[in-house]
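Inside the fold
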Amino acid sequence: MAAAPPDLVWLPEASRRLLQASRLMGSGEPGRALQQLLQVAEASPGLRPLCTRKARQALIAQLERDGVERLRTQGPLPETPEALLAWVLAHPAHQLELSAASPSTLRLGLLHLLVWDSRVVAVLDGEAPGEDPHPALLWLDGQLIADGHGRYHPLNGREEPQARLERGIRLALGRDWLLSWHRWPWLPGLAIELEAPLEPTEHPRHWQEARRRCHENLLQERRRLCWSSVQEQSRDDELVSVVIPVWGAGTELGHCLKHLGQMQGSQKLEILLVDNGNGDAGTCAVLDEAPRLDRRVRVLRQPSNFGFALGCNLGFASSRGSRVLFLNSDARMAAGALPPLLSVLEDPRCRGAQPALLTPAGQVQCLGVVFGQASPLGLALHAGAAAAPLLQRRRTPAATAACLLLRAREFAAVQGFDVGYLNGQEDTDLCHRLRQRFGGDFSVEPDSLVIHPEGSSPGRYRFIEANRSRLIARWPHPEQDSLASAAAADALELVGYLDNDRPGRPAWLRSPRPVVRPCRSRSADAATP
């Protein structure tokens, strides 16, 4: 370190470096200022918040002064975390083009996006038009890739960059790389990444399978769906499209279609059954017979099981109604369940409507989805409670897609369900994105009743941890007061949470069950003669 100016000698070393960084910024040397801030942040953890703000200023100044519009990776890349960070800091650019999909290249791209907020594009030379991208691109999980014609396409454009990086960094870099960067957690973006628990490099087998399935679904959607075309297609304002993805439903699907068959009123319906490659005789028999029993039914055959999210998106792409009802294949709608949902959807502030979902025993299964203080995960409101005293119209921040009515235009605008979820949490994620885009909330209609024996499809809970991780990464801070507000509206108070989740599940992926009781003031008033 060079000798300090006389007027700075009496200051502590960290303070001298901060002042020198400010002077270097003022003299147009943001690169040298950033090096000073690096040393302060490493030596004095208490000063990291201040270094974060100053470093952001230095990076913006350096990008404006030295940043190039486009930069493409060439030749061998650094192999150590320190060398990689030094390379990124020395190469500011607004767009970084990756010439390969190797782990070292992806590490470089992810870090470059964090430091410079750049646009990362994977350009794979020699790839034929329409050919699937290199499998290693799954680590990018949503970044842009270029096809054979040089056009850029997002693999999963529904996510914000920060949410994609949460998984990309952990899975592409691994725990060792993250720990080696921990001395620089103040770097813009990286500090947010390290707030969540670090995952081990070796994931359990079901996590690895989830990752593979997620990538396959993203590629299948990219191959089979063009959302810009879906958004432009004309729709019938008088028609409601019922989309039912089907996997191993068998007898339950028959009950579902029987109840839909009783809805023969003035409302025009089309019923689209998305056959997710069913092979069992019972389900195939119901699918074959359904169009003959009800002329409103169409069966959309798929080559394999694409899951709930992609199945719904494919069904929606073939629908023609201005409103779409997503329905589980084991849900049984009462004859008068649809009109109340259609009525409330006329309110422009309502993003969607769900019925009161009850178990076959008559207990509450879900009266909307709310959020508490114990976890960012959504909670099925009043699950397991007696239904009678709780059936009232209410507004909630999210709803369940077991039976959910939406405007087709809005569903298409946010590009439907995120197919990276594997039969879980995709409905909560969709509700977050709809509210983020259009505002408003969701309505629960007590006059609309649906019986739902939850979890009838095989493998329903196989990827529950991977799904929860994906949701928490994208939406770490939902409206956490909605549970207490909903309880208070029903004359209940929140007592605490019961941790009845699966033993051994990581704490950050657990979903504690809320415990409520009647409000004491209301109970005292009721007891007063």
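Data block above holds the structure.
For the structure given in this document, a descriptive report is provided here. (Residues numbered from 1 in each chain as written. Predicted model: local features only at pLDDT ≥ 70, side-chain atom pairs only at ≥ 80, totals over all residues. Heavy atoms only, no water.)

1. A short note on the pairing of strand β2 (residues 93-98)
Burial of β2 is extensive: five of the six residues sit out of reach of the surface. Note: strand β1 (residues 68-72) against β2, four bridges, orientation parallel. When the sheet's bridge partners are listed, R72 is paired in β2 with E97. The parallel pair β1 and β2, bridged by helix α4 (residues 81-89), forms a crossover whose chirality is right-handed. (Buried < 20%, exposed > 50% of the residue type's maximum accessible area, 1.4 Å probe, protein only. Helix = DSSP H or I, 4+ residues; strand = E, 2+ residues; numbered from the N terminus. Pairing = 2+ DSSP bridges. Right-handed = clockwise from strand over helix to strand, strands pointing away.)

2. Topic: unusual backbone geometry
Even without being a glycine, H382 presents a positive backbone phi close to 60 degrees. Here H382 is to be found in the loop between β14 (379-380) and β15 (394-396). Notably, A491 is not glycine yet its phi reads approximately 60 degrees, a positive angle. Structurally, the position occupied by A491 is in the loop between α17 (482-489) and β18 (492-498). Judged by relative accessible area, A491 falls into the partly exposed class, the value being 21%.

3. Some thoughts on the pattern of salt bridges
Applying the stated criterion across every chain, the model contains 29 salt bridges. R292 is paired through a salt bridge with E289; the nearest N and O atoms lie 2.8 Å apart. On the criterion of helical spacing, the pair formed by R292 and E289 is a turn pair, its members being three residues apart in helix α11 (residues 281-293). Residue classification places R292 among the exposed positions, given a relative accessible area of 61%. A salt bridge links E465 to R505; its shortest N-O distance comes to 3.2 Å. Within this pair, whereas E465 is found in helix α16 (residues 464-474), its partner R505 is found in the loop between β18 and β19 (513-518), the two being separated by 40 residues in sequence. An identical accessibility class is assigned to E465 and R505; each is buried. Bridged by salt links that share partners, the residues D418, D429, R433, R470 and R474 form one connected network. (Salt bridge = Lys/Arg side-chain N within 4 Å of Asp/Glu carboxyl O.)

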